[in-house]
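Residue-level listing of the chains:
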Amino acid sequence: MMSGFSRSWTVGLLATAALLTTTACGSGTADTSAGSEGGKPEVIAAFYPLQWLSEQIGGSDTQVSVLTAPGVEPHDLELGIQQVTQLKNAALTVYIKGIQPAVDDAVDPETSFDAATAVQTIPAGEHEEEHAGEEHDHEVAYDPHIWLDPARLATVATKLGERLATADPAHAQGYKDRAAKTAATLGTLDQEFSKGLGACRTKTMVTAHEAFGYLADRYGLKQVGITLDPETEPSPTRLSEVGKLAKAEGVTTIFTESLVSPKVAEVLASQVGAKTAVLDPLESKPSGDFVSAMRDNLKTLQTALGCTS
Ligand SMILES: [Zn+2]
């Protein structure tokens, strides 16, 4: 059994982001089904896609906050003592092992949900030679960017709904219903991607960092990431390797992302005579929501890869 939900939520670093996303739910008038005031289970999402998912499924039964502030690259996020305490007190922390080692270390297995355990993972990027000699205690063998495949994220939605239902049995049906609705939305998105990327001039996508492995896996594309994670500077060897590949595969667009400097991608693009376009790995909150940002990504991909449907 899970221990009771902590009500000793301390207002802290997390609160700013949390308030922005939860105040839309209403004026805080008494909800008789939720028990005492302020007794809503606190769900902490490690970064944006998990925040979106937790909000969709938690509905008004939970209070969701996000650990990685909007506009911040989540990879290798560092946690303050207060945030670690908040993680320990939360009813549930939703994270993906392998993205943020500090979060991996801080979570309590009893009160956390690792979304990577809900789906079949694919192996991590193959250009491991860049890491030779470095210490990577926390590196996982799989690619942790599971949210960029809508079909896998739909599976995560279902499992998260079940987990919340177990954690807060009084509202179990609500969690399950909203999880089903979210999974259906993601299923529709998956169909749009399948159809939209069905017939393209090239299948190769050159990305700023290897975030799109699951999207590539799902829709039969080939991802060539300039770097493995946003903090890594590509080696000259890697850059020339990617340049050659891009030329050979008729790549006309090199993808950049908003939270990573586009400089490297721009240099590469000019070397191979390509242009650049922004493809959002959704590691931070987009201007719309998860689904609308993914639809934007689909349009960008269709243009860049010369897809006809
Ligand atoms: Zn990433």
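Whatever comes next refers back to the structure up there.
Enquirer: How should I be thinking about the nonpolar core in this particular structure?
Expert: Buried together is how nonpolar side chains tend to be arranged in soluble globular proteins. Ranked by internal contacts, the top residues of the largest apolar core, which has 71 residues, are L197, L215 and F290. Looking at this core, the elements that each hand over two or more residues are β1 (42–45), α2 (48–58), β3 (92–95), α4 (101–106), α5 (150–167), α6 (172–196), α7 (213–219) and α10 (290–305). A per-element tally of this core places α10 first, with 8 residues. Counting residues in each nonpolar core, the second largest holds 12 residues, with V224, A246, A269 and A274 among its members.

Enquirer: What's the story with the environment of A106 in this structure? I'm lost.
Expert: Turning to its location among the elements, A106 is positioned in helix α4. When its relative accessible area of 6% is taken as the criterion, A106 is described as buried. When the C-alpha positions of A106 and Q83 are compared, they lie 9.2 Å apart, and in sequence the two are 23 residues distant. If sequence neighbours within four positions are ignored, A106 has contacts with L79, V84, L87 and K88.

Enquirer: Which parts of the structure should I look at to understand the packing of α6 against α10?
Expert: Between two packed helices, what matters for the description is the angle formed by their axes and the separation of those axes. Remark: α6 packs on α10, axes separated minimally by 10 Å, with the N-to-C direction vectors making an angle of 5 degrees. Classified by the interaxial angle, the pair formed by α6 and α10 is roughly parallel. Between α6 and α10, the residues in contact are T185, L186, L189, E192, F193 and G196 and F290, V291, M294, R295, L298, L301 and Q302, respectively. In the contact of α6 with α10, the residues fall into 8 nonpolar, 3 polar and 2 charged.

Conventions adopted
Within each chain, residues carry numbers counting from 1 in the order of the written sequence. The predicted nature of this model means local features are confined to residues of pLDDT at least 70 and side-chain atom pairs, given and counted, to a pLDDT of 80 or more, with totals for whole chains, interfaces and linings taken over all residues. To obtain the side-chain values, all non-hydrogen atoms of the structure were used and water was disregarded. We define the nonpolar core as a collection of buried residues of types Ala, Val, Leu, Ile, Met, Phe, Trp, Tyr and Cys that are connected through side-chain atoms lying within 4.5 Å of one another. Exposure is judged per residue with a 1.4 Å probe applied to protein chains only, and the accessible area is read against the type maximum: over 50% gives exposed, under 20% gives buried, and values in between give partly exposed. Starting at the N terminus, helices and strands are each numbered in turn, a helix being any DSSP run of H or I of at least four residues and a strand any DSSP run of E of at least two. Contacts between residues were defined by any pair of non-hydrogen atoms, one from each residue, lying within 4.5 Å. Between N-to-C directions, angles span 0 to 180 degrees; the directions come from axes that are lines fitted to C-alpha atoms, helices contributing only their stretch in contact. Just so you know how the angles are binned, under 35 degrees is roughly parallel, over 145 roughly antiparallel, 65 to 115 roughly perpendicular, and the rest oblique. Ten residues, namely Ala, Val, Leu, Ile, Met, Phe, Trp, Tyr, Cys and Pro, are considered nonpolar, four, namely Asp, Glu, Lys and Arg, are considered charged, and the remaining ones, Gly among them, are considered polar.

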